[in-house]
Amino acid sequence: MALRTKQAYFDSVKQLKTELYALGEKVNDLSAHPCFRPPLEAIGLVYELSGQKDYEGALTAHSPFINDKVNRFAHIMLEQDDLAKRFRIARFMVHKHGACIGARCVSTSSLNAVFAATYDIDREMGTAYHDRFLDFLKFAQKNDLAVCGAMMDVKGDRSLSPGHQPDPDAYLHVVERRRNGIVVRGAKASISGAAIANEIIVVPCTALQPGEEDYAVCFAVPSDAPGIIHVAEAPAPNVRRLAGEEMDFGNARYGTHGSTHVIFQDVFVPEERIFMCGEQKFAGALVNYFALLQRLATSGCKTGHRDLLIGSAAVIADYNGIGNARHIREKLTDLYFQSELSAGCALASVYSARKSPSGVFFPDPLYINLAKLQGVKAIWDGNFITADIAGGLVCTPPTARDIRDEKIGKLLTKYFKGRKDVPTEHRIRMMRLVEYLSGQGSVVPIESTHGAGSPQAQRIVIQNALMGAIERFKKDVKVMAGIET
């Protein structure tokens, strides 16, 4: 059976020879580092739950490519219902970890997008990319690999396209073509789970023009391939994990994002792992395939995060003694409305899904972009509402060491108490979780905003859809008004 255990995944990560830097130091033991152990645990949770009978069908699916059960994150979505299940497991898993499982989550977008794009390229160009990709897909599914997707280039001067950058390495590109493969150079920014993935699938991050063929490259490499350097992101809360204690972290077990900036220093990619090389006209379609699926995943994930925001806001209101106040219920209702509006648009995109020539289903572009854009607004509005409910203690609690101090501990326990039947420690723990969930102690708001494409990308899709429909709307009202027949 093609399902690994949590321990087997941990063992595979221990075997990696990853060149990784975090907070100014080279990391020798990835699995024990305080910035990477939490996302490892979150990915491990996926492996753990996938092997349990209670989650049969939700976290697993049957793969026709290896005729075996696979993790749903590695499943090719050949049925419309696969999209709905993908959305729901994203929301469900966040309820369990409250963090990021990018080394599994982005597998879906990467594998399905490349499956569809290689089919399209072969059909028009007579290439053999799709068969190559199927070999990789079978390898990933049979071994239940954690596969991350690397799309976002560092981009350099945003006013210039890849082929016109002063530094050509601002976008990852081919620097040498060999008989048996290619050599690539560049960097992919803020890639979720890249250092704790077994494999990385690299895709372009934008449509390309004639003359930019070297940037039209898609391939898979091990995350520790020679020439790959990982540099950990460094949000402020990560530093606290080096000196603080469990009580100070908010989401102690799972709450770091685990992204790295992935630098490709003349990395060799063998021919059998290349899925696009120079087919510039197909880059935009590949990017779109990836974006549609990742926006669906993000919509589910961030709905889960907003559920946690609502829960934490409600608990801290209880601890503060105002849980039944009318204004608290109104604020929580507004947050729930904003959140479920995004979720509803995501589900609408599923039930208006379109089947690609390859057989893969993709969400409706308009509805999934509406879902993502509304979801970003709901995250930021939810952060404000939650902080408003919780109060100023969100960012100012004393540390665990202060609470335990012989002299000041009793004083802090006395003066930071809320409702008399709630221990002060519980109130402070919940404040730390609110700090984490509302973005004062995590990357959630920024990642929610820019993950799967910035808000402007969604606005462009929505505006294009509007411009395509507006003449019909105008004609309908003119007929209604008696101006036209």
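Residues numbered from 1 in each chain as written. Predicted model: local features only at pLDDT ≥ 70, side-chain atom pairs only at ≥ 80, totals over all residues. Heavy atoms only, no water.

(A) The arrangement of the overall build of the protein chain in detail. The number of helices and strands found in the protein chain is 14 helices and 14 strands. By the compact-globule yardstick of 23 Å for 485 residues, the protein chain fits well, its C-alpha radius of gyration being 24 Å. On the principal axes, the C-alpha backbone points of the protein chain span a range of 75 × 75 × 50 Å. For the protein chain, with 485 residues in total, the buried portion stands at 56%. Put simply, the protein chain shows about 20900 Å² of open surface, and 54% of that area lies on carbon and sulfur atoms. The protein chain carries 57 positive and 54 negative side-chain charges, and their two centres are separated by 5 Å. (Helix = DSSP H or I, 4+ residues; strand = E, 2+ residues; numbered from the N terminus. Rg over C-alpha atoms; globule rule 2.2 N^0.38 Å. Buried < 20%, exposed > 50% of the residue type's maximum accessible area, 1.4 Å probe, protein only. Areas by Shrake-Rupley, 256 points an atom, 1.4 Å probe, with all protein chains shown as cover. Lys, Arg positive; Asp, Glu negative; His and termini not counted. Charge placed at Lys NZ, Arg CZ, Asp CG, Glu CD.)

(B) Quick look at the packing of aromatic side chains. Tallying each qualifying case throughout the model produces 11 aromatic pairs. Each ring, one from F133 and one from F136, has its centre 6.4 Å from the other, and the planes form 40 degrees; the classification is tilted. Here F136 and F133 lie together in helix α5 (residues 129–142), a separation of 3 residues that amounts to about one turn. Side by side, F133 and F136 carry an identical accessibility label, which is buried. Note on F219 and F264: the rings are 6.2 Å apart at their centroids and 85 degrees apart in plane angle, and the pair reads as edge-to-face. (Phe/Tyr/Trp six-rings, centres within 6.5 Å; stacked < 30°, edge-to-face > 60°.)

(C) Examining the nonpolar core more closely. Counting 128 residues, the largest nonpolar core has Y9, F36, F133, V184, I201, F219 and F264 as the members making the most contacts within it. Aside from chain neighbours lying at most four places away, what touches Y9 is R4, L40, I43, G44, Y47, A146, I196 and N198. By size, the runner-up hydrophobic cluster in this structure holds 5 residues, among which are A400, I403, L412 and I428. (Core = buried A, V, L, I, M, F, W, Y, C linked by side-chain atoms within 4.5 Å. Contact = heavy atoms within 4.5 Å.)

(D) Local environment of the environment of P226. Here P226 shows up in the loop between β9 (217–222) and β10 (228–232). For the pair P226 and A74, spaced 152 residues apart in the sequence, the C-alpha separation amounts to 25 Å.

(E) Region of interest: helix α8 (residues 326–351). Along its 26 residues, α8 runs 37 Å from first to last C-alpha, staying within 8% of the 38 Å computed at 1.5 Å per residue. Of all the positions in α8, only I328, L332, L335, Q338, S339, S342, A343, C345, A346, S349 and V350 are classed as buried. Among the structural elements, α3 (80–97), α7 (283–319) and α9 (365–390) are those in contact with the buried residues of α8. (Expected span 1.5 Å × (residues − 1).)

(F) Geometry of the sheet that holds strand β8 (residues 199–202). Read from one edge of the open sheet, 4 strands run β5-β8-β9-β12, paired in mixed fashion. Each having just a single partner strand, β5 (147–150) and β12 (274–277) make up the two edges of the open sheet. Neighbour-to-neighbour, the strand axes of this sheet turn through a mean angle of 20 degrees, independent of strand direction. Looking at chain direction, β5 and β8 are connected through 4 bridges and run parallel. Of the residues in β8, the one forming a bridge with G149 is I201. Docked against the sheet, α5 engages β5, β8, β9 and β12, running at close to 145 degrees with respect to β12. (Pairing = 2+ DSSP bridges. Axes fitted to C-alpha atoms, helices over the stretch in contact; angles between N-to-C directions.)

(G) Highlighting α5. Compared with the 20 Å implied by 1.5 Å per residue over 14 residues, the 20 Å span of α5 between its first and last C-alpha is a close match. Turning to α5, its buried residues number three or more, namely Y129, H130, F133, L134, F136, L137, A140 and Q141. The arc enclosing the buried residues of α5, seen along the axis, measures out at 165 degrees, which places them on a common side. What points out from α5, more than 90 degrees from its buried face, is the exposed set D131, D135 and K142. (Arc of directions from axis to C-beta.)

Scope: geometric values only; no functional claims are made or implied.
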